[in-house]
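The primary structure of each chain is shown beneath.
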Amino acid sequence: MLVAFEGSQRAGRKQFMKRARATELLIEMLRRVDAGGTWQLDVIQELHLFGSYARGAVEPGDVDVVVDFDHDRSEWNQHFLESFSYGKDPHATLRMALRGRARSLSLMFGKDRHDDIPMLLLWRRGEHVEQAIARIHAIAPDSAATRAERDAMPDYLRGVGDKLPRYLRRELVALVDDEVLDLAEIVLPERTPSATWFEEVIRHRWSATSPLRRAALAVLAHWESRDVDLAQVHLHGTDLDVYSSSTPYCAGFHLRYFKAVRQCFVDHGDQEWIEVVSPTRRGPLQALLVRRGRNFTTSGWPWSDGSYFT
């Protein structure tokens, strides 16, 4: 098991809210969907509740909702391609449309990828919004209901685990247990590398306010502090130095290229991969550092069918 570089303590403690406030946020979301008017809202097909709120907790940490939406809409397909072209999270616009700035609503996408979690139907397209509100009020408050133990959430995923799909967490844990991969959570200090030869490349890819630019500079400064030759870096899908013949250090953001981890380790002799799971404009830059474990092989890869990596 790797040890974390730089430090990986999470800032602050988990805040809990009253059930009445959580209910208010859910109803506000339902009325947004019911009003519609934008493609981001009109593609929503179903909403399901799970977690402590669904079990009746009087002070839930947040409200967990799984969102099913129409993946065949032309607006979504165009948005999806544009988002990935610029390294953005394609679901961000759906989250904003559904919850506004209410961060206490935790939204996940794709019920089929979370079908092992007990869920309650909240709303289905075609239903009157009052039916959904009635389902909310039918959940009896339970003072004994607490936040469930997080599945597949070992210490080395405590900082970023909530940002990873549940099935991906479970696969990563299995691979670490089998010593196929080594993982460490790291928090990257906000620093700028002393090297300047690549500045034009960074400016060309991302604007000064882009969270991806902030993440890129932090990753490069981290490697530079460890005496890694930055000409050997493959940065979010592109070699930092286009003339480099070897790039054994890879970095990615928003999990866009994360499914290429094995290919990079096998085909390019990579030393490590740093994944900034959710780059932000401010706040801690939490990341995963991935290396080959002692049982890593160049043949065979035990991902289950339908996983993030297939």
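The coordinates are above.
I will try to describe carefully the structure that is included in this document. Residue numbering note: each chain is counted from 1, following its sequence as written. Residue-level local features of this predicted model are given only where pLDDT is at least 70; pairs of side-chain atoms are given and counted only at 80 or more, and the full residue set underlies all totals for whole chains, interfaces and linings. Excluded from the side-chain calculations are hydrogens and water; all other atoms, namely the structure's heavy atoms, are used.

### Some remarks on unusual backbone geometry
We apply this condition: Note on conventions: DSSP H or I runs of at least 4 residues are helices, E runs of at least 2 residues are strands, and numbering of each starts at the N terminus.
The phi dihedral of Glu179 is positive, around 60 degrees, even though this residue is not glycine. Structurally, Glu179 is set in the loop between helix H7 (166-177) and strand S5 (181-188). The backbone of Asp227 shows a phi angle near 65 degrees, a positive value even though the residue is not glycine. Assignment of secondary structure puts Asp227 in the loop between helix H9 (211-225) and strand S6 (233-235).

### Overview of the side chain of Thr23
Heads up, the condition is: Whether two residues are in contact is decided by their heavy atoms, any of which lying within 4.5 Å being enough.
Summarising the element assignment, Thr23 is placed in helix H1 (residues 19-35). Here Thr23 is in contact with Tyr53, Ile136 and His137, once residues within four sequence places are set aside.

### Quick word on the nonpolar core
General note: in soluble globular proteins, nonpolar side chains tend to be found buried as a group. Heads up, the condition is: For our purposes a nonpolar core is just a set of buried Ala, Val, Leu, Ile, Met, Phe, Trp, Tyr and Cys residues, chained together by side-chain atoms within 4.5 Å. Exposure is judged per residue with a 1.4 Å probe applied to protein chains only, and the accessible area is read against the type maximum: over 50% gives exposed, under 20% gives buried, and values in between give partly exposed.
In terms of nonpolar packing, the biggest core is built from 35 residues, with Leu26, Leu47 and Leu122 touching the most fellow members. Counting residues per element, this core draws most heavily on H1, which supplies seven residues. Judged by nonpolar contacts, the second largest core, of 27 residues, contains Ala216, Phe253, Ile274 and Val276.

### Digging into the packing of aromatic side chains
Basically, it comes down to this: Think of it this way: a Phe, Tyr or Trp ring, Trp meaning its six-membered ring, pairs with another when their centres are within 6.5 Å, and the plane angle makes it stacked under 30 degrees, edge-to-face over 60, tilted otherwise. We call a charge positioned above a ring when the Lys NZ or Arg CZ atom is no farther than 6 Å from the ring centre and deviates by at most 35 degrees from the ring normal.
Evaluated as defined, the whole model comprises eight aromatic pairs. When the ring of Trp223 is compared with that of Tyr249, the centres are 5.6 Å apart and the planes differ by 70 degrees; the resulting orientation is edge-to-face. Of this pair, Trp223 sits in helix H9 while Tyr249 sits in strand S8 (residues 249-253), and the two are 26 residues apart along the sequence. On the basis of relative accessible area, Tyr249 is assigned to the buried category, the value being 14%. Among the aromatic residues, those joined into a cluster by ring pairs are Phe69, Trp76, Phe80 and Phe109. Over the ring of Tyr53 we find Arg19; its NZ or CZ atom is 3.8 Å from the centre of that ring.

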